Amino acid sequence: MVDYHAANQPYQYGPSSGGNGGGGGVGDYMAQEDDWDRDLLLDPAWEKQQRKAETAANRICKVLAVNQENEHLMEDYEKLASDLLVWIRRTIPWLEDRVPQKTIQEMQQKLEDFRDYRRVHKPPKVQEKCQLEINFNTLQTKLRLSNRPAFMPSEGKMVSDINNSWQHLEQAEKGFEEWLLNVIRRLERLDHLAEKFGQKASIHEAWTDGKEAMLKQKDYETATLSDIKALIRKHEAFESDLAAHQDRVEQIAAIAQELNELDYYDSPSVNARCQKICDQWDALGSLTHSRREALEKTEKQLETIDQLHLEYAKRAAPFNNWMESAMEDLQDMFIVHTIEEIEGLIAAHDQFKSTLPDADKEREAILAIHGEAQRIAECNHIKLLGSNPYTTVTPQIINSKWEKVQQLVPKRDDALLEEQSKQQSNERLRRQFASQANIVGPWIQTKMEEIGRISIEMNGTLEDQLNHLKQYELSIVDYKPNLDLLEQQHQLIQEALIFDNKHTNYTMEHIRVGWEQLLTTIARTINEVENQILTRDAKGISQEQMQEFRASFNHFDKDHGGALGPEEFKACLISLGYDVENDRQGDAEFNRIMSVVDPNNSGIVTFQAFIDFMSRETTDTDTADQVIASFKVLAGDKNFITAEELRRELPPDQAEYCIARMAPYQGPDAAPGALDYKSFSTALYGESDL
């Protein structure tokens with residue numbers, strides 16, 4: 001049996017096949033007579049046959065070892081590709097689920113789940129995808145070096161398929177976070193509007209309480225002339241008050257409409273309440289008009305009126321409405337996202353405070369009117385029954401609401417200052433992130449450009465280039481803390497619900513994508529150089545030849561993209577002396593060469609494929625014919641071989657490998673158990689199917 005691990009050691013004695021396909025084991029030989037053994041061992045022809053068998057077995061062992069290793073690599077690739085595709089297909093539907101939740105808390109939980117996916121679950125898959133491409137390239141290189149056909153993964157598991165699925169994942173991921181933030185903003189806006197609607201509706205409902213009953217009274221039917229006159233004036237004051245509240249009703253309806261347009265989840269109750277307010281408002285208008293007509297029928301009987309009470313009512317009503325609006329504005333909720341917005345609110349608040357002195361003068365003037373009416377009544381011995389007949393707004397109400405306004409102003413000051421402090425803190429977070437991002441972003445771009453230059457330049461040996469690239473890889477890995485710091489700053493920005501940053505054009509998404517591309521590029525470039533070293537060593541190419549190949553390739557790579565198009569590759573071949581001119585014969589030769597360097601019809605020729613082609617043209621490799629000839633030697637010149645012969649001449653694992661894959665021999669000279677080594681050999685090189 002041949003010891004293929006120690007080709008230089010003396011050949012271990014063992015039997016070999018005879019010319020007629022018959023042969024025995026060692027026991028058969030020892031059964032021969034001693035004098036016959038002595039003559040046979042001294043026979044030169046027999047020794048030559050043994051050496052020939054040893055050479056053939058070594059060749060087969062070498063070929064089978066390569067094939068077994070390649071099959072293991074193919075199985076590893078298939079498993080890794082399947083696992084990655086399963087993860088991608090499971091993740092994409094989750095990212096494409098855009099059904100919004102009803103509350104901010106639920107949407108914020110979805111946002112936190114997405115951030116966990118970005119920080120925890122995705123980075124390992126990026127590494128697996130990069131490793132998959134590296135394994136695929138290494139396998140293809142080994143197949144080319146061993147003159148085997150290119151590896152074609154199972155349907156749907158090509159590197160391009162993985163990349164397409166990954167792009168689909170990236171596309172789904174790209175809009176997911178933006179969608180989450182938009183929904184959160186929308187829910188914030190809806191909550192704010194709903195609260196504002198409820199506040200305004202409550203104020204209006206409190207104001208309208210009892211108004212319908214008041215307007216339906218028929219007290220004018222039994223009233224005295226002076227009472228009728230008072231009722232007319234009171235009604236005029238009410239109409240003034242009613243007109244003053246028209247704006248609030250319109251605001252309530254506008255807010256309800258906006259909530260409907262924004263698809264507020266509790267729109268039915270909002271609509272019902274708004275409809276009730278509008279119906280009541282229409283009823284108030286109709287009742288007001290009816291009462292005026294009734295009072296005007298007796299207007300001729302009106303002779304006296306208390307002008308001061310009327311003037312008080314006309315001035316007190318809008319002032320009272322102003323105070324109610326002021327209290328409403330001072331308690332109004334606000335949402336801002338920038339320092340400019342909060343400063344605008346502070347400026348508006350300061351402007352409001354500047355009007356308070358004039359408002360106080362108006363209050364004193366209104367109270368003075370009321371005091372004058374009381375003085376005139378006392379001087380003329382007029383008995384005033386009850387309150388002012390033209391309004392329900394008493395001096396006590398005015399003073400009470402004015403005091404409330406005075407209390408709300410400093411509270412509003414505190415709320416605005418607190419929000420200003422928050423926005424100043426947010427601005428600091430923006431500037432911190434921008435400062436770091438404006439350093440990391442250009443650094444990543446610079447490293448990408450430097451790696452690109454290294455991959456196309458010819459400085460030093462391939463080992464020098466490989467060492468240089470690995471040093472770059474270490475510097476990139478060492479830079480990772482800067483990215484982690486940026487992630488921490490970005491996390492603070494996200495927690496503060498900061499949605500924009502005018503101080504930088506870089507977003508965290510841009511930085512992450514650039515970083516992932518940088519890691520992928522350096523890993524792929526290192527793999528390419530390692531494959532070039534494998535090719536050089538396997539083919540015996542000198543450093544000078546490699547530099548010549550690189551110089552020729554770079555000369556025709558006009559865009560420095562690291563690959564040649566068909567026309568660029570043809571020009572390169574012509575410069576190297578290949579007859580691929582634009583004629584029928586030249587086109588046929590060029591198409592043959594393209595099928596070798598671009599078996600997947602991608603339309604480009606990489607530098608690795610170019611080296612493989614040039615080395616194949618200048619060096620010798622194993623062929624199917626050579627392997628067939630080697631098997632024929634082991635078979636004793638027969639057209640078939642038996643399992644016994646394979647087990648005798650080859651190592652156990654490789655012998656069983658051949659037996660399991662060789663088809664039965666069907667020729668006319670077939671013997672029992674005959675195996676077809678010719679079809680097996682051609683299948684190893686892709687010329688037939690195993």
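Residues numbered from 1 in each chain as written. Predicted model: local features only at pLDDT ≥ 70, side-chain atom pairs only at ≥ 80, totals over all residues. Heavy atoms only, no water.

Asker: I tried to follow the overall build of the chain on my own but got confused; where do I start?
Answerer: Helix and strand counts for the chain stand at 24 helices and four strands. Restricting to contacts in the chain with at least 6 residues of sequence separation, those with at least 24 account for 81%. Total accessible area on the chain is roughly 36500 Å²; 51% of this is exposed by carbon and sulfur atoms. (Helix = DSSP H or I, 4+ residues; strand = E, 2+ residues; numbered from the N terminus. Contact = heavy atoms within 4.5 Å. Areas by Shrake-Rupley, 256 points an atom, 1.4 Å probe, with all protein chains shown as cover.)

Asker: Just to check I follow, could you spell out the UniProt feature "coiled-coil region" (unreviewed entry) in the chain for this structure?
Answerer: Per the UniProt record, "coiled-coil region" (unreviewed entry) is annotated on residues 228-262. Strand forms 0% of residues 228-262 and helix 94%; the C-alpha atoms that close the span are 50 Å apart. (UniProt positions renumbered as here; feature names shortened; annotations may be inferred.)

Asker: What's the story with helix α11 (residues 339-354) in this structure? I'm lost.
Answerer: Residue pairs spaced three or four apart in an α-helix point in one direction, given the helix's 3.6 residues per turn. The terminal C-alpha atoms of α11, which comprises 16 residues, lie 23 Å apart, in line with the 22 Å expected from a rise of 1.5 Å per residue. Buried within α11 are the following residues: I339, I342, I346, H349 and F352. Burial along α11 is one-sided: seen end-on, the buried residues are contained in an arc of 145°. (Expected span 1.5 Å × (residues − 1). Buried < 20%, exposed > 50% of the residue type's maximum accessible area, 1.4 Å probe, protein only. Arc of directions from axis to C-beta.)

Asker: What is the right way to look at the confidence of the model for the chain in this model?
Answerer: As a general rule, the predicted coordinates of low-pLDDT regions are not to be interpreted in detail. For the chain, per-residue confidence averages 77 on the pLDDT scale, and residues scoring 70 or more make up 83% of the total. pLDDT under 50 marks residues 301-305. Its contacts with residues more than four places away, or in other chains, come to 14 contacts. (pLDDT = per-residue confidence, 0-100.)

Asker: When you look at the nonpolar core in this model, what are you seeing that I'm missing?
Answerer: Ranked by size, the top nonpolar core spans 48 residues in total, and within it W515, F569, L573, I593, V597, V605 and F610 carry the most contacts. Where this core is concerned, the elements lending two or more residues are α13 (395-456), α14 (462-478), α15 (480-495), α16 (508-539), α17 (543-556), α18 (566-575), α19 (584-597) and α20 (607-618). Filtering out sequence-adjacent residues up to four positions away, V597 remains in contact with F569, V605, A609 and F613. (Core = buried A, V, L, I, M, F, W, Y, C linked by side-chain atoms within 4.5 Å.)

Asker: Just to check I follow, could you spell out unusual backbone geometry for this structure?
Answerer: What you tend to see is this: most non-glycine residues have negative phi, and most peptide bonds are trans. You will see that N601, though not glycine, has its phi angle at about 55°, which is positive. With respect to the secondary-structure elements, N601 resides in the loop between α19 and β2 (605-606). Judged by its relative accessible area of 68%, N601 falls in the exposed class. Its identity is not glycine, yet D637 carries a phi of approximately 70°, on the positive side. Position of D637 relative to the elements: it lies in the loop between α21 (624-634) and α22 (643-649). The exposed category is assigned to D637, whose relative accessible area is 56%.

Asker: Please clarify how the packing of aromatic side chains should be interpreted in this entry.
Answerer: This model, assessed by the stated rule, comprises eleven aromatic pairs. Where W207 meets W281, the ring centres are 6.2 Å apart and the plane angle is 40°; that geometry is what we call tilted. On the criterion of sequence distance, the pair formed by W207 in helix α5 (residues 159-208) and W281 in helix α9 (residues 267-297) is long-range, its members being 74 residues apart. Across the pair, exposure class does not vary: W207 and W281 are buried alike. A connected cluster of aromatic rings, assembled from ring pairs, spans F319, W322, F352 and W402. We note K211 situated over the ring of W207; from NZ or CZ to the ring centre the distance is 4.8 Å. Residue placement shows K638 over the ring face of F640; its charged tip is 5.5 Å from the ring centre. (Phe/Tyr/Trp six-rings, centres within 6.5 Å; stacked < 30°, edge-to-face > 60°. Lys NZ or Arg CZ within 6 Å of the ring centre and 35° of its normal.)

Asker: Even after reading the chapter, I still don't get the pattern of salt bridges, so can you show me in this structure?
Answerer: Should the charged atoms of two oppositely charged side chains come close, the side chains can pair. For the structure shown, the criterion picks out 19 salt bridges. A salt bridge links E362 to R315; the nearest nitrogen and oxygen atoms lie 2.9 Å apart. Pair noted here: E362 is in helix α12 (residues 356-379) and R315 is in helix α10 (residues 307-330), with a separation of 47 residues, a long-range link. Connected via shared salt-bridge partners are K129, E133 and R524. (Salt bridge = Lys/Arg side-chain N within 4 Å of Asp/Glu carboxyl O.)

Asker: Would you explain α19 in this entry?
Answerer: For α19, which comprises 14 residues, the first-to-last C-alpha distance of 20 Å matches the rise-based estimate of 20 Å (1.5 Å per residue) to within 8%. All of the buried residues in α19 are G586, F590, I593, M594 and V597. Projected down its long axis, α19 carries its buried residues within an arc of 105°, all on one side. Set apart from the buried face of α19 by more than 90 degrees, the exposed residues are R584 and Q585.

Asker: Help me understand the packing of α21 against helix α24 (residues 677-684) in this model?
Answerer: Describing two packed helices takes the angle between their axes plus the distance from one axis to the other. Running from N to C, α21 and α24 point in directions that differ by 150°, and their axes come no closer than 9 Å. Between α21 and α24, the crossing angle belongs to the class labelled roughly antiparallel. As for the relative orientation of α21 and α24, their crossing is right-handed in sense. Only Y677, K678, F680, S681 and T682 of α24 make contact with α21, whose side of the interface consists of A624, V627, I628, F631 and K632. Broken down by class, the residue content of the contact of α21 with α24 amounts to six nonpolar, two polar and two charged. (Axes fitted to C-alpha atoms, helices over the stretch in contact; angles between N-to-C directions. Parallel < 35°, antiparallel > 145°, perpendicular 65-115°, else oblique. Left-handed = near helix turned anticlockwise from the far one by under 90°. Nonpolar A, V, L, I, M, F, W, Y, C, P; charged D, E, K, R; others polar.)

Asker: I keep staring at the side chain of D241 and nothing clicks. Help me out?
Answerer: The residue D241 is located in helix α7 (residues 225-244) in this model. Buried and unpaired, D241 has K211 as its nearest opposite-charge partner, separated by 5.8 Å. If sequence neighbours within four positions are ignored, D241 has contacts with W207 and A317. (Lys, Arg positive; Asp, Glu negative; His and termini not counted.)

Asker: Honestly, the side chain of S681 in this entry has me stumped. Any pointers?
Answerer: Relative to the assigned elements, S681 resides in helix α24. We classify S681 as buried; its relative accessible area is 0%. Residues within four places of S681 in sequence aside, it is in contact with A624, V627, I628 and F631.

Asker: What should I look at first to understand the environment of W402 in this one?
Answerer: Within the secondary structure, W402 is located in helix α13. For W402, a relative accessible area of 9% corresponds to the buried category. The spacing of W402 and A326 is 76 residues in sequence and 9.8 Å in space, taken between C-alpha atoms. Residues within four places of W402 in sequence aside, it is in contact with F319, W322, M323, L356, A359, D360 and R363.

Asker: Looking at this structure, I do not really get the environment of T288. What am I missing?
Answerer: Mapped onto the secondary structure, T288 falls in helix α9. A relative accessible area of 4% places T288 in the buried class. Each C-alpha atom of the pair T288 and H235 lies 8.0 Å from the other, and the pair is 53 residues apart in sequence. Not counting residues up to four positions away in its chain, the partners in contact with T288 are L215, H235, F238, E239 and L242.

Asker: What should I look at first to understand the state of the cysteines in this one?
Answerer: Defined simply, a disulfide is a covalent bond joining two cysteines at their sulfur atoms. Under the defined criterion, the tally for this structure stands at zero disulfides. C278 provides the cysteine sulfur closest to C274, a residue in no disulfide bond, and the two sulfurs are 4.1 Å apart. Its relative accessible area of 9% is what places C274 among the buried residues. (Disulfide = S-S within 2.5 Å.)

Asker: Which parts of the structure should I look at to understand the environment of A635?
Answerer: The topology assignment puts A635 in the loop between α21 and α22. Given a relative accessible area of 0%, A635 falls into the buried group.

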